[in-house]
Amino acid sequence: MSGLSRHTVFAVSLMAGLISAVSCGDRAQSSGLLSIAQKAIGDSTSIYYGDFSEYPENLPVLPIGVFGCGSDGFDLVERLLTADNYDNITGRPGADGIADFGGESIQLLIDRANGPYSGYLASGNLPFLKEQLIRNTLFLMGDKYYNLAVDEYQSGYKEPVKIVMVSSPVADYYGLSDIEAMMRGSGTGVKAVGVIESCIREALSQTDADGNFCVGVLYSSDGVSSREYEEVIRKMAEDRGIDGHIQVFNQEGAGIAESIRGDAAYIDTSAAIARAGYSGPVTGISYNNIDATLFDRYGFDTRGNALLFPSGSRSVSGVQINSVENYVRYHLVSMVERHRRSGSRVPISSIILADCSYNRVRDIMDQVMVELYNYKRGGIYLYRNSISPDFRFIDPAECAVREVYSILRGDGNLALRGTKSTLSPYITLPSASVPADSLDASGCLKAAFRYGRVSGTEDITTKAVPFAPRYVEGRELTDIENYTETFALIRNSLY
């Protein structure tokens, strides 16, 4: 840190771990700044106030910051640690066998206590969500943290970050512009990157010569919907002067992420016949129903109990999907078939995978799209007009990682160290000051309290502390262990 010890004490907020702020509040009055951001920049009486003029000038040595409310944060860290998309010497695209972010320090904030973020939308409490996203940003830009949720003061010291990656699509869509506005007002040179616009930029690169463009969006029920992706797609296309026919085909991937994590409402490997309590697609004619006329195209795995039939029957009526692969097959075929029936003459050039867990089944997805592209009926390739020969899946996390590299490289802020990367993970927990009747049996904030909090206060209801295994369920820790490079960096500090 240029001119500052790592343990320099900034006047920071208790809640956000803020670094200290500009004495003059002129910039805080610019339009577009949330009240909490105005306080961070120019209100010396606020717990969010800090002196951004004292922010370290030597940004290259600072960590990369990442925040989200679930496992997507660990997924993004794993991508940072394993990315090899550029030549480290020239910066040109192309793998060179050396990790792009080798030697970088990374800070990860899992905002568990305040998620899932979609709950604020369902509760009509977007103002509090926006504030919380600013608090998370300020924590990463700060140099302090609580060691325990019962602590009254922040006695832990850390480095501020040089860039912030927002791993949650919901946080990106609803809060990234507010985060960027505050960063501009701070004058620190710190920038923010989300997962939505970076992947849409990649998708728009496939616009044809006439300005036509067709993309699919596969999204989860608790994330950002295709409607919201489509809004950004059309806005970015307009900004780029793309004036052709733009189409977005959406598919809510109900059951994919759920079956990956073993949700009993979508998958039960012990079941032998169709069962009660199943929440996946059923046969019918409505959207997201299994179409009995498409069974030859779904290509379902029928071995074992991957499909469950009613007792004593092998009829497709009443069939239930019971494997990750079959959920993937159902949703991809459904999307492409809707495109075919629409009569569109612009093929789907890409499908955006709007949930980080979908990347775990990319091999199955690739296989299904090849099968559909080569599918014949009556000697005719049925989907050749629906799938571009250059079709590809677009992974938002991968696109965000590429964008972060480009920004840091362009600004001269890559660490370019030959040392091993480091990772410092944090997690938010309910503050000890939260009333006991606002906590559930596991010690988490009850939904009514979590999503009912009022914006505009300076109440400290959650605190960021160093991540520890006792703060998550065993299954979640197993998932984290699957991110091999990430887990290798924190294994010794966890046990």
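Going by the structure above, here's the rest.
This one's a predicted model, so the numbers in the text were calculated from it and none came from an experiment.

Participant: Would you mind going over the overall build of the protein with me for this structure?
Facilitator: Helix and strand content of the protein: 15 helices and 16 strands. Against the 2.2 N^0.38 benchmark of 23 Å for 495 residues, the protein shows a C-alpha radius of gyration of 24 Å, consistent with a compact globule. Dimensions of the protein, computed from C-alpha atoms along their principal axes, come out at roughly 75 × 55 × 45 Å. Per-residue burial over the protein gives 55% buried out of 495 residues. A fraction of 75% describes how many contacts in the protein between residues 6 or more apart in sequence connect residues 24 or more apart. Side-chain charges of the protein comprise 45 positive and 60 negative groups, with the mean position of each set lying 3 Å from the other.

Participant: Where do I start with the sheet that holds strand E2 (residues 105-110) in this structure?
Facilitator: Across a sheet, strands are paired by hydrogen bonds formed along the backbone, either parallel or antiparallel in direction. Ordered in space as E6-E5-E1-E2-E15-E16, the six strands form an open sheet in which the pairing is mixed. Among the strands making up the open sheet, the edge pair consists of strand E6 (191-194) and strand E16 (462-466). Neighbour-to-neighbour, the strand axes of this sheet turn through a mean angle of 20°, independent of strand direction.

Participant: Mind showing me how you'd approach unusual backbone geometry here?
Facilitator: Cis rather than trans, the peptide bond between glycine 115 and proline 116 has omega equal to 0°. Tracing the backbone shows proline 116 in the loop between E2 and helix H3 (118-122). Here the phi dihedral of leucine 416 falls at roughly 50°; this positive angle occurs in a residue that is not glycine. Residue position: leucine 416 is located in the loop between helix H12 (396-410) and strand E15 (422-430). Judged by relative accessible area, which is 63%, leucine 416 ranks as exposed.

Participant: Please explain the side chain of glutamate 228 as it appears in this structure.
Facilitator: Summarising the element assignment, glutamate 228 is placed in helix H7 (residues 226-239). Classification of glutamate 228 as buried rests on a relative accessible area of 6%. Among the polar contacts made by the side chain of glutamate 228, one reaches the side chain of arginine 227 at a distance of 3.2 Å. Beyond its immediate chain neighbours, meaning those up to four positions away, glutamate 228 contacts Tyr173 and Tyr174.

Participant: Whenever I open this one, helix H5 (residues 169-186) confuses me. Can you help?
Facilitator: Residues three or four positions apart in an α-helix share a direction because the helix packs 3.6 residues into each turn. With 18 residues, H5 should cover 26 Å at 1.5 Å per step; its first-to-last C-alpha distance of 24 Å lies within 8% of that length. Most of H5 is tucked away, with 14 of its 18 residues classed as buried. Positive backbone phi, approximately 70°, marks glycine 187, located one or two places after H5.

Participant: Looking at this structure, I do not really get the packing of helix H2 (residues 72-82) against H12. What am I missing?
Facilitator: Two numbers describe a pair of packed helices, the interaxial angle and the distance between the axes. Interhelical geometry of H2 versus H12 gives an angle of 50° and a closest axis separation of 10 Å. Relative to H12, the element H2 lies oblique. Between H2 and H12 the crossing geometry is right-handed. Contact residues: Asp75, Leu76, Arg79 and Leu80 in H2; Ala397, Glu398 and Val401 in H12. For the contact of H2 with H12, the per-class residue count stands at four nonpolar, no polar and three charged.

Participant: I tried to follow the pairing of E2 on my own but got confused; where do I start?
Facilitator: Along any regular strand the residues' side chains alternate between the sheet's two faces. Of all six residues in E2, six are buried, a share of seventy percent or more. Relative to E2, strand E1 (residues 64-68) is paired through five bridges, and the arrangement is parallel. Bridge pairing in E2 links valine 66 to leucine 108. Once the chain exits E1 it traverses H2 before rejoining the sheet at E2, and the crossover so formed is right-handed.

Participant: Help me understand H12 in this model?
Facilitator: Look at H12: 21 Å from first C-alpha to last across 15 residues, which is about the 21 Å you get at 1.5 Å a residue. Turning to H12, its buried residues are Pro396, Ala397, Cys399, Ala400, Val401, Val404, Tyr405, Ile407 and Leu408. Structurally, the start of H12 carries an N-cap: the backbone nitrogen of alanine 397 is 3.1 Å from a side-chain oxygen of aspartate 395. The positive-phi residue at the C-terminal boundary of H12 is glycine 412, with phi of around 70°.

Participant: Can you help me understand the nonpolar core in this one?
Facilitator: A general trend in soluble globular proteins is that nonpolar side chains are found buried together. One finds Phe67, Phe101, Tyr117, Met165, Met182, Ile200 and Tyr229 to be the most contacted residues of the largest nonpolar core, which totals 102 residues. Among all residues touching tyrosine 117, those that are not within four sequence positions of it are Phe67, Gly68, Cys69, Asp111, Leu129, Leu133, Asn136, Ser168, Val170 and Ala171. Counting 40 residues, the second-largest nonpolar core is a separate cluster that includes Tyr278, Tyr330, Val368 and Tyr383.

Participant: Looking at this structure, how should I read the sheet that holds strand E11 (residues 348-353)?
Facilitator: Spatially, four strands are ordered E8-E7-E11-E14 in an open sheet, and the strand pairing comes out parallel. Of all the strands in the sheet, the pair left with one neighbour each is strand E8 (246-252) and strand E14 (387-394). Shown here is a sheet whose adjacent strand axes are inclined to one another by a mean of 20°, direction ignored. Note: E11 against E14, four bridges, orientation parallel. Considered in E14, the bridge of isoleucine 351 is made with phenylalanine 393. Contacts between helix H10 (residues 324-342) and the sheet are confined to strand E7 (213-219), E8, E11 and E14, with E8 contributing the most and set at about 145° to the helix.

Criteria and cut-off values
Residues numbered from 1 in each chain as written. Predicted model: local features only at pLDDT ≥ 70, side-chain atom pairs only at ≥ 80, totals over all residues. Heavy atoms only, no water. Helix = DSSP H or I, 4+ residues; strand = E, 2+ residues; numbered from the N terminus. Rg over C-alpha atoms; globule rule 2.2 N^0.38 Å. Buried < 20%, exposed > 50% of the residue type's maximum accessible area, 1.4 Å probe, protein only. Contact = heavy atoms within 4.5 Å. Lys, Arg positive; Asp, Glu negative; His and termini not counted. Charge placed at Lys NZ, Arg CZ, Asp CG, Glu CD. Pairing = 2+ DSSP bridges. Axes fitted to C-alpha atoms, helices over the stretch in contact; angles between N-to-C directions. Polar contact = N/O pair within 3.5 Å; in protein donor to acceptor, adjacent residues only side chain to side chain. Expected span 1.5 Å × (residues − 1). Parallel < 35°, antiparallel > 145°, perpendicular 65-115°, else oblique. Left-handed = near helix turned anticlockwise from the far one by under 90°. Nonpolar A, V, L, I, M, F, W, Y, C, P; charged D, E, K, R; others polar. Right-handed = clockwise from strand over helix to strand, strands pointing away. Core = buried A, V, L, I, M, F, W, Y, C linked by side-chain atoms within 4.5 Å.

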